[in-house]
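# Report on the structure
Next come the chains, spelled out residue by residue.
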Amino acid sequence: MFSNGASAVRSAIEEKLAHCFGVSSEEASEKQLYEAVILTVRELLSEKRSSFKEAVKKESGKTLYYLCMEFLVGPSLKNHLNNLGLTAAYAEALQSLGFDLDAICSREPDPGLGNGGLGRLAACYLDALTTLDYPARGFSILYEFGLFRQKLVNGEQVELPDNWLPEGEVWLVPRNDRACTVRFGGRVVETWNNEKCDISYENCEEIQAVPYDMMISGADCSAVNILRLWRAKSVCDMNMRLFSQGAYLQAVEQNTNAEIISKVLYPADNHMEGKLLRLTQQYFLVSASLNSILDDHLRRYGSLWNLPDKVAIHVNDTHPALVIPELMRVLIDVYSYPWERAWDVVNRVITYTNHTVMPEALECWNEDLFRLRLPRIYDIVKEINRRFCADLWKCYPGDWDRISRMAIIGYGSVRMANLSVVASHTVNGVSKLHSEILTKTVFHDYYKLTPEKFTNVTNGIAHRRWLCGANPLLAGLLDETIGPAYRKKPEALSEFLRYRENADVLSRFAEIKRENKIRFARLVEKRSGILLDPDSVFDVQVKRLHEYKRQLLNVLRIISLYLDLLDDPDRPFTPQTFIFGAKAAPGYAIAKRTIRLICDLSAEIEKNPRIREKLRVVFMEEYNVSLAEILIPSADVSEQISLAGKEASGTGNMKLMINGAVTIGTLDGANVEILESVGEDNMYLFGMTAGEVEELWRRGYQSTTYYIGSEKLRRTVDALVRGFNGISYRDFAEYLVAGQGIADPYMCLADYDSYCSVHERMIRDYADRNRWTKTALSNTACSGPFAADRAIREYADSIWHIRPVSAEGVSR
């Protein structure tokens, strides 16, 4: 692999420039050089992939297939170079050609393949699976325009197309030879021949699924795995008869309708067309992916008899749950399996991770819509439901309420979470608290029936990317103090605790944090013209915009600080910069309104020079992986303030922790385990526990009690009515204290005083810089348990039952 270092890299780049673009290095544009560099890396990965495939085939072990609607992989070039150990060689080669590696890397867009925590987790897990040499493949959709590109216009979120493919598709390897057909709608026809029922379809819509492979590298390992992405096309490109008649739009209409399937991630579903498109996307993904899985298996083994021994299919959240009836359909309709045998295969192959207890994320489909779009799949789900309910009747005779709750189809809805639990051999939550809540509430009935099915695997992050790649200065300090073993064994980070009392290491740790803050401040100045003070507290809340994540609670406290400074601009005050980053779903009105509130508050503060020296609010437009890699290392404070019992786990809390940010948070999600790891002295807890929240709901939560009882809170909420930057936010004041239905549904007012009190203590502690740095260092040192490597080993050993490929079996 480029044994001659930079000179070999330069020769490879020049060869690609000549062969692919017909230019010399002197004639090449930066774009041509960017693509040539990627082609050389892709070639290296392809060679490594071939060797790994041969080793997988030789060992004949079990392979994991990981299905998810999104993979937020982030830019790949720098990550691949770090993993391959070629960053220095490429930097030197490019410098000799008159180019800069960082400038080349900055050309790469963030692939529009994911949105938030779910997609980023899936990407982290592919990274860890590969680094640990497990045979695995991810499946998703090749979204042409991603979710959307966020633009803020006068504080309002505007959604623009995220056209990432023109410079991003160079990583994709088209596999037209593995294309397949997916059918929708029409009518199912049953024909009986010699006691065998043959299934055919009339008037169905046929869509071609074309795979594109993106290679996934790992660090210092033998493996290269694949993320296979499906693009939708019509089986007929164009109707020439209509085109010849001048009906040009109608001639391409069929192809256009097909391509809509892979246009956009998570299309708005607040209308029937959006719901239909989402259902279509989900079945398109699982049908094409299962075709690929079974095709691979049959090519290798020639039979499906050993499928459960060689294949593990993971359903990551409910979006890919249709793989369950699709596998039943293929086994029964195509391979003539009897129902019981097919169901046994499904139960032994499928596993399911639940990521939320939020009702809107526990997908339910309108039964009529489901039947219309997926008639054969509906028949199978209906039969699964009938048999399951019959079994329940034997266990709980006469208990109609319980059976109704557990049914897969009920009250005109098809319940995907219920289907996932019923069909999977293992179901896991993503933090200890979340898994406990699942068994006590959402899935309690199933837990009572089959307690052995439920387990927990706490989420983890790709620490090599989020520490070693995003924060090279801190990684360098770690290499120097505890050695590089933590890069492959993250539990070794705990050795950094030995330096908690080392004055020189503490000083350097603080200097690194300040350097990262300066780097982020330069980015903010470049983007917005706002010059941040790197000596202020960088207080960061970056996550999907949702009511339960309580960005509004954070804003209420900032308003309170602003009002105090308006009263007395000269009061003693530790300068604080509040940094937000989030996208709001296009149809989520209150989330978009929250963005506007943050931006208007920021704009009003910016108009007051005396106050903005002490208090700044910044909302970062288009928050993505690239931005996170600069922002997260700069954070002093990590805001993890969801209402207890609502956040499944979180992974942003882990990324911030490993980079030395100190958490202020509730006992929710993985915060509970962060507390266990780092200790109460190195974390700032506030608010109610999940049990206390539940008890308060039982007693009857009245937000007005807190509003009336706290002068500080009342003053803050009343300020919303007056508004900021000329805009009244009376709607938020009413939402909190006089809302239609339940006022303050996520209990911001109940936790407000506790939140403010703990924040004040935290700011006092920040003034003691030596103490604060010890706390920050402890967070980095105690973050090892939250690496994806640990999570993947738990999944591999306890759920998927897969083994890594031995390094000896891979030719290098």
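Everything here concerns the structure above.
Please read all numbers here as calculations on a predicted model, not as lab measurements. (Residues numbered from 1 in each chain as written. Predicted model: local features only at pLDDT ≥ 70, side-chain atom pairs only at ≥ 80, totals over all residues. Heavy atoms only, no water.)

## Let's talk about the overall build of the chain
Tallying secondary structure elements over the chain gives 35 helices and 23 strands in all. In terms of overall size, the chain behaves like a compact globule, its C-alpha atoms giving a radius of gyration of 27 Å where 812 residues would be expected to give roughly 28 Å. Principal-axis analysis of the C-alpha atoms gives the chain an extent of 90 × 75 × 60 Å. Put simply, 76% of the contacts in the chain that link residues at least 6 apart link residues at least 24 apart. For the chain, the accessible surface area stands at approximately 31900 Å², while carbon and sulfur atoms represent 49% of it. Distance between charge centres in the chain, computed from 96 positive and 107 negative side chains, equals 2 Å. (Helix = DSSP H or I, 4+ residues; strand = E, 2+ residues; numbered from the N terminus. Rg over C-alpha atoms; globule rule 2.2 N^0.38 Å. Contact = heavy atoms within 4.5 Å. Areas by Shrake-Rupley, 256 points an atom, 1.4 Å probe, with all protein chains shown as cover. Lys, Arg positive; Asp, Glu negative; His and termini not counted. Charge placed at Lys NZ, Arg CZ, Asp CG, Glu CD.)

## Thoughts on the packing of aromatic side chains
The final tally for this structure, using the stated rule, is 25 aromatic pairs. Note on Tyr66 and Phe71: the rings are 6.2 Å apart at their centroids and 65° apart in plane angle, and the pair reads as edge-to-face. Here the aromatic rings of Tyr766 and Trp772 are separated by 5.1 Å at their centres, their planes lie at 70°, and the arrangement is edge-to-face. With relative accessibility at 4%, the residue Trp772 sits in the buried group. Taken together, Tyr66, Phe71, Tyr125, Tyr795 and Trp800 form an aromatic cluster joined through their ring pairs. Taking NZ or CZ as reference, Arg231 lies 4.9 Å from the ring centre of Tyr212, over its face. (Phe/Tyr/Trp six-rings, centres within 6.5 Å; stacked < 30°, edge-to-face > 60°. Buried < 20%, exposed > 50% of the residue type's maximum accessible area, 1.4 Å probe, protein only. Lys NZ or Arg CZ within 6 Å of the ring centre and 35° of its normal.)

## What to know about the side chain of Arg49
Tracing the sequence through the fold places Arg49 in helix H2 (residues 30-59). One buried charge, Arg49, has no salt-bridge partner; the nearest side chain with opposite charge is Asp213, at 6.9 Å. A distance of 2.8 Å separates a polar atom in the side chain of Arg49 from the backbone oxygen of Val224. (Salt bridge = Lys/Arg side-chain N within 4 Å of Asp/Glu carboxyl O. Polar contact = N/O pair within 3.5 Å; in protein donor to acceptor, adjacent residues only side chain to side chain.)

## Side note on the nonpolar core
Formed by 247 residues in total, the largest nonpolar core has its most connected members in Phe284, Phe370, Phe496, Phe520, Leu720, Leu736 and Trp800. If you look at the next biggest cluster of nonpolar residues, it comprises 33 residues, including Tyr34, Phe99, Leu101 and Cys105. (Core = buried A, V, L, I, M, F, W, Y, C linked by side-chain atoms within 4.5 Å.)

## Thoughts on the pairing of strand E4 (residues 156-160)
One ladder, built from five bridges, connects strand E3 (residues 149-153) with E4; its direction is antiparallel. Bridge pairing links Leu152 to Gln157 in E4. Taking the residues that link successive antiparallel strands as the turn, the E3-E4 hairpin has two residues, and the phi of Asn154 there is positive, at about 55°. (Pairing = 2+ DSSP bridges.)

## Details of unusual backbone geometry
The phi dihedral of Asn154 falls on the positive side, at around 55°, and the residue is not glycine. Turning to its location among the elements, Asn154 is positioned in the loop between E3 and E4. According to the relative accessible area criterion, Asn154 is exposed, its value standing at 64%.

## Things to note about helix H3 (residues 77-84)
Think of an α-helix as turning once every 3.6 residues; residues three or four places apart then point the same way. For H3, the tally of buried residues reaches six of eight residues, placing the bulk of the element in the interior. Looking at H3, one finds that the buried residues are Leu77, Asn79, His80, Leu81, Asn83 and Leu84. Positive backbone phi, at 70°, marks Gly85, one or two positions downstream of H3.

## Regarding the pattern of salt bridges
In a structure, side chains of opposite charge can pair up when their charged atoms sit close to one another. Inspection of the entire model under this criterion finds 58 salt bridges. One salt bridge connects Asp789 with Arg464, and the closest N-O pair in it is separated by 2.8 Å. Highlighted residues: Asp789 in helix H35 (residues 788-800) and Arg464 in helix H20 (residues 463-469), separated in sequence by 325 residues. With a relative accessible area of 1%, Asp789 lands in the buried category. Residues Arg698 and Glu695 are paired through a salt bridge, measuring 2.9 Å at the closest nitrogen-oxygen approach. On the criterion of helical spacing, the pair formed by Arg698 and Glu695 is a turn pair, its members being three residues apart in helix H29 (residues 690-699). Judged by relative accessible area, which is 30%, Glu695 ranks as partly exposed. One salt-bridge network, held together by shared partners, links Arg137, Arg178, Asp295, Asp296 and Arg299.

## Brief notes about the sheet that holds strand E19 (residues 576-581)
Note: strands within a sheet are paired through backbone hydrogen bonds, in either parallel or antiparallel orientation. A sheet is described by the order of its strands in space; here six strands give the open sequence E20-E19-E18-E21-E22-E23, paired in parallel fashion. In the strand order of this sheet, the two ends are held by strand E20 (615-620) and strand E23 (684-685), each with one partner. Both strand E22 (residues 662-665) and E23 contribute to a ladder of two bridges, which runs parallel. Along E23, the bridge assignment pairs Ile664 with Tyr684. Here helix H23 (residues 551-567) sits on the sheet in contact with strand E18 (537-542), E19, E20 and strand E21 (637-640), set at roughly 150° to E19. (Axes fitted to C-alpha atoms, helices over the stretch in contact; angles between N-to-C directions.)

## Observations regarding the side chain of Thr426
Secondary-structure assignment places Thr426 in strand E16 (residues 426-429). Within the structure, Thr426 has its side chain in polar contact with the side chain of His425 (distance 2.8 Å). Setting aside residues no more than four positions away along its own chain, Thr426 makes contact with Ile350, Thr351, Tyr352, Lys453, Thr455 and Ile799.

## Some remarks on the sheet that holds strand E13 (residues 364-366)
One open sheet accounts for three strands, arranged E13-E15-E14; its pairing is antiparallel. At either margin of the open sheet sits one strand with a lone partner, and together these are E13 and strand E14 (409-410). When E13 meets strand E15 (residues 413-415), the two strands line up antiparallel, connected through three bridges. If you follow Trp365 over to E15, its bridge partner there is Val414.

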